[in-house]
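One letter stands for each residue in the lines below.
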Amino acid sequence: MQVRPTPAVRTIRPTPLSRLVIVTAGLIAALGLITGAMLYASYQDALREQQVTLRNVAIAFAAQTAGVAQAIDSAAQQAARMLLVQDAPPSSGMADGRDGLAHPYLARIFLFDTAGQTVGSVMPGSSSRDLPAIKPPPGDLPRRITITDIDRSTGRGILNFVHPVRDRSGRRIGTVVAQVDSVRFEQLYNLVELGNGGSVTLLHRDGTMLVRGPGFPAGIGHSFADTPLFREQLPRASRGSFEATSPINGTAGLYGYDVVEGFDLVIITGMARPVALEAWYGRLWTALAFYLLLALVLALLAWRVARDTRRQFGLIDMVSSSEARLAKSFDYLASIVNAVGAPIWVLDGARRIVLANEAFARLVGRPRESLPGVDESAVLDGAAAERERRYAAVLAHGGTVDATGTMHDGSGESRTVIQLTSRLAGEDGTAHLVNVLTDITERERAEARLAWLAEFDAITGLPNQAQFWRLLEGRISADATAPDGGRGLAVVALVLERLHEIVDLLGHEAGDRALRQVADLLRGACGEGDEGAVAARIRGGEFAFVFDAGGGRRQVESFALKLHALMSGPLHVDGRDFFLEPVLGVALYPHDGRNADALYRSAQGAASGAGIELDEAVHFFSASRHTELGQRLTVEAHLRRALERGELRLVYQPKVTVREQRLVGFEALLRWTNPELGAVSPLDFVPIAERTGLIIPIGAWVLEQACRQMQDWAARFGRPVKVAVNLSPRQFHQKSLLDTIRRCLSQYRVPEGSLELEITETALMSREQEVDQLMREIRRLGVDLAIDDFGTGYSSLAYLKRFPVSRLKVDRAFIRDLGRDEDSAAIALSIVNLARGLKLQVVAEGVETEAQLAMLREMACDEYQGFLFSKPLESADVEALLGRPA
């Protein structure tokens with residue numbers, strides 16, 4: 001396949017479509033510009049025409065208003081002469097002018113002398129409005145027109161035409177005032193329809209609005225001197241037209257104006273711009289429709305011309321380009337092949353390279369231009385015989401053959417590839433071989449990585465939980481089917497309790513480095529031990545081991561102790577030593593589990609405490625302790641619902657004096673009876689409640705129930721009954737304790753000194769300053785404090801002297817052995833003497849025999865409680881005891 005020179009082929013192309021589009025678009029744009037220019041000129045003409053119309057209307061109304069004003073002025077002068085000459089009475093009518101122009105407008109005429117006194121009045125016509133009294137005009141004023149008595153609801157007012165009256169010598173002898181109802185002018189101005197927003201307005205030259213049609217009550221009598229009419233137009237010309245924004249409604253409008261000849265009056269006519277342009281808008285839409293239709297016709301014609309032209313030239317182009325396509329086929333194929341990222345090469349019958357792309361040249365490390373004509377064996381290494389067999393099969397039978405193998409690229413690196421070979425007919429009719437190479441090296445590496453991650457932990461490289469489970473199941477299956485009965489297996493669960501401290505202090509990267517160090521140590525431990533030992537990482541700081549236990553329990557113990565010692569040493573990370581505090585749980589097959597899940601669960605349970613301690617933190621699984629754990633969890637589950645189900649109750653242990661056997665109070669004791677578990681001992685459920693935090697709500701309930709019972713007994717027997725309530729260490733350190741005590745005392749009206757709280761020594765030994773302040777706050781509430789189980793903890797004379805307690809309770813362990821154990825008697829006597837020295841009372845617990853009571857009497861003990869006097873009583877039995885005579 002040699003590259004032939006491409007012959008020059010002249011291609012006849014039609015006129016480019018883009019050029020036709022541009023020409024058509026230009027014609028449409030030119031048409032649009034002409035149409036727009038015509039519309040704009042028409043727009044300007046419409047505005048000018050409306051302005052001329054408004055100006056003409058203003059001129060007409062100005063002439064009409066001037067005629068009326070002059071007639072009113074003449075009528076007023078005539079009435080003045082009549083009143084002066086004929087001395088007519090004020091109520092007489094006019095003898096002349098009833099049919100004159102002014103007659104329909106005039107309401108009344110007044111004549112005043114120079115002193116402001118009314119000379120007379122004339123009523124030329126009837127008025128539908130009650131006219132108010134008129135005030136005499138002040139001073140020698142020139143002729144003027146004003147508006148008074150404006151009705152703000154309608155804008156209707158009285159127009160006053162004021163004119164001085166003079167004699168023939170020119171001396172002022174009085175003033176005549178002609179009054180006109182403004183509604184007459186408003187009716188006149190409403191005769192012209194100027195559309196929505198149009199108006200005709202009469203204003204004084206000082207800007208005061210006198211009349212407006214249609215009416216505008218808010219503006220009558222107000223000044224509009226700051227509008228364009230007075231600021232710009234009137235100073236330039238006495239009549240004209242302009243465009244402006246309406247000061248009344250803020251809309252754009254057209255205006256015409258004219259002054260009233262002979263008077264200080266101005267007529268302005270206005271029309272809203274949309275109304276003025278209504279006719280032009282009609283012409284606009286007509287022009288736009290015509291323009292769009294014409295543009296559509298031009299576009300359609302252009303499309304038809306372009307389509308027909310392209311069809312004609314398309315046939316010519318197909319004929320002229322067919323030879324060019326054939327001539328360029330080899331170059332086209334070479335370009336496509338060269339653009340492919342996979343290596344491609346073509347061989348002739350002698351296995352010489354005819355064509356190769358850039359990817360193949362990079363693979364073999366040679367320039368692409370140097371490859372044609374070179375034997376394939378010179379650039380590809382290995383498996384030449386196998387390739388030749390594939391080539392022969394393809395040439396003989398056709399089709400495509402693929403094969404996977406390895407080869408070295410130009411840099412010498414080994415690659416895994418898939419080679420596809422197909423047969424191709426060459427230009428000369430001979431068969432050629434087309435080869436395509438797919439490099440799957442990275443894919444195989446990724447698959448291998450994924451397969452490894454499915455079996456191993458990414459950080460430590462140890463087997464992960466899934467592989468450990470399969471390995472353990474395989475070991476169990478092999479051991480179970482062994483002919484000799486199997487050697488037995490051991491599973492160890494290793495938990496590093498303080499591994500998280502490394503992450504907390506140094507971060508996750510340091511934690512990963514620590515995990516890798518731990519993994520190296522565990523691999524070493526497995527290597528030094530039995531050959532069958534395998535370590536795995538389960539999660540976080542939890543690891544697991546499985547190994548053959550053919551050497552028996554002693555071999556397992558040795559391995560576990562050695563592993564514990566190894567992991568108990570310091571781990572050096574980033575210049576610091578960390579102690580991981582390992583805990584090991586050991587389970588043996590088949591005694592502690594017969595499948596992988598049960599066996600490892602037993603090892604985990606042993607590590608968490610359900611096992612027998614071998615040495616420090618190494619625990620062998622114990623079925624009995626596992627059972628105890630299950631029972632403890634069952635008790636906890638029921639205890640969480642005991643309060644809401646009403647399963648808890650209080651019983652009361654009487655307290656009596658040692659000498660007189662006199663009842664002095666009770667200790668409230670908690671009892672629990674569950675429908676499924678029956679009566680549960682406080683020794684079983686109180687530690688669980690303390691550990692889980694349930695003691696907080698339960699303790700608050702006990703305190704409230706005791707206070708409620710104290711209130712009930714006080715009401716029944718007419719005297720307070722003292723009751724002691726135990727506070728657990730966790731409850732004692734609750735921030736809400738004081739609020740709870742205060743609420744119970746207030747709610748149940750417990751008298752001062754009736755409630756006593758018993759606190760253990762362990763609760764007092766931590767945070768002494770806070771405890772001291774808390775106990776003093778409790779004492780201020782009138783509550784007594786006692787130290788319970790005194791002598792069993794770390795007793796200190798310092799806190800006895802410091803804390804405000806009033807009683808010491810001697811633990812029953814010392815009372816039980818009185819008369820049998822001299823040490824117990826010595827301790828009890830020491831406690832009594834100590835209390836005497838500190839002025840505290842002593843209460844002995846668990847007194848069951850007369851001999852114990854006699855010894856307490858000799859020691860001068862104050863009070864006791866126990867079965868000798870009474871067992872703990874239900875509340876009903878306590879009432880019977882309280883009802884006995886003292």
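Report on the accompanying structure. Because the structure is predicted, anything quoted here is derived from the model rather than measured.

This part takes up helix 9 (residues 465–480). Counted at 1.5 Å a residue, the expected span for helix 9 with its 16 residues is 22 Å, and the 22 Å between its end C-alpha atoms agrees. Buried within helix 9 are the following residues: F468, L472, R475, I476 and D479. Down the axis, helix 9 shows its buried residues gathered within 100° of arc, on one side only. Turning to helix 9, the residues buried within the fold contact strand 16 (489–496), strand 17 (534–539), strand 18 (542–548), strand 21 (582–589) and helix 13 (596–607). Capping of helix 9 at its N-terminal end is provided by N464; its side-chain oxygen lies 3.3 Å from the backbone amide nitrogen of A466.

Ranked by internal contacts, the top residues of the largest apolar core, which has 76 residues, are L639, F732, L755, L757, M775, I778 and L856. A total of 8 residues in this core trace back to one element, the largest contributor, which is helix 17 (residues 695–717). In this structure L639 touches W672, F685, I688, A689, L694 and I698, once residues within four positions along its chain are discounted.

In this section: the layout of surface pockets. By volume, the largest pocket is sized at about 1,100 Å³. Lining the largest pocket are 35 residues, with E667, L669, P682, N726 and D788 sitting closest to its centre. For the lining of the largest pocket, the elements supplying multiple residues, two or more each, are strand 25 (663–674), helix 16 (682–692), helix 17, strand 27 (723–727), helix 18 (729–732), strand 28 (755–760) and strand 29 (784–790). Class assignment for the residues of the lining of the largest pocket results in 14 nonpolar, 11 polar and 10 charged.

This part takes up the sheet that holds strand 9 (residues 252–260). Strand order in this open sheet of 5 strands is 7-6-10-9-8, and the pairing throughout is antiparallel. Of all the strands in the sheet, just strand 7 (209–213) and strand 8 (239–245) have a single pairing partner and so form its edges. Taken over all neighbouring pairs, the strand axes of this sheet differ in orientation by 20° on average, direction set aside. Where strand 6 (residues 199–204) meets strand 7, 4 bridges bridge the pair, whose relative direction is antiparallel. When the bridges of strand 7 are listed, L203 appears paired with M209. Docked against the sheet, helix 2 (residues 182–189) engages strand 6, strand 7 and strand 10 (265–272), running at close to 40° with respect to strand 7. The strands touched by helix 3 (residues 228–236) are strand 6, strand 8, strand 9 and strand 10; relative to strand 8, the strand with the most contacts, the crossing angle is about 145°.

Each value, and the rule that gives it
- Residues numbered from 1 in each chain as written.
- Predicted model: local features only at pLDDT ≥ 70, side-chain atom pairs only at ≥ 80, totals over all residues.
- Heavy atoms only, no water.
- Helix = DSSP H or I, 4+ residues; strand = E, 2+ residues; numbered from the N terminus.
- Expected span 1.5 Å × (residues − 1).
- Buried < 20%, exposed > 50% of the residue type's maximum accessible area, 1.4 Å probe, protein only.
- Arc of directions from axis to C-beta.
- Contact = heavy atoms within 4.5 Å.
- Polar contact = N/O pair within 3.5 Å; in protein donor to acceptor, adjacent residues only side chain to side chain.
- Core = buried A, V, L, I, M, F, W, Y, C linked by side-chain atoms within 4.5 Å.
- 1 Å grid on protein atoms, 1.4 Å probe; cavity = no way out; pocket = protein on both sides within 12 Å on 5 of 7 lines; lining within 4 Å.
- Points joined across faces, edges and corners; volume = space filled by probe spheres on them.
- Nonpolar A, V, L, I, M, F, W, Y, C, P; charged D, E, K, R; others polar.
- Pairing = 2+ DSSP bridges.
- Axes fitted to C-alpha atoms, helices over the stretch in contact; angles between N-to-C directions.

Take it as geometry only, folks, not as evidence of what the structure does.
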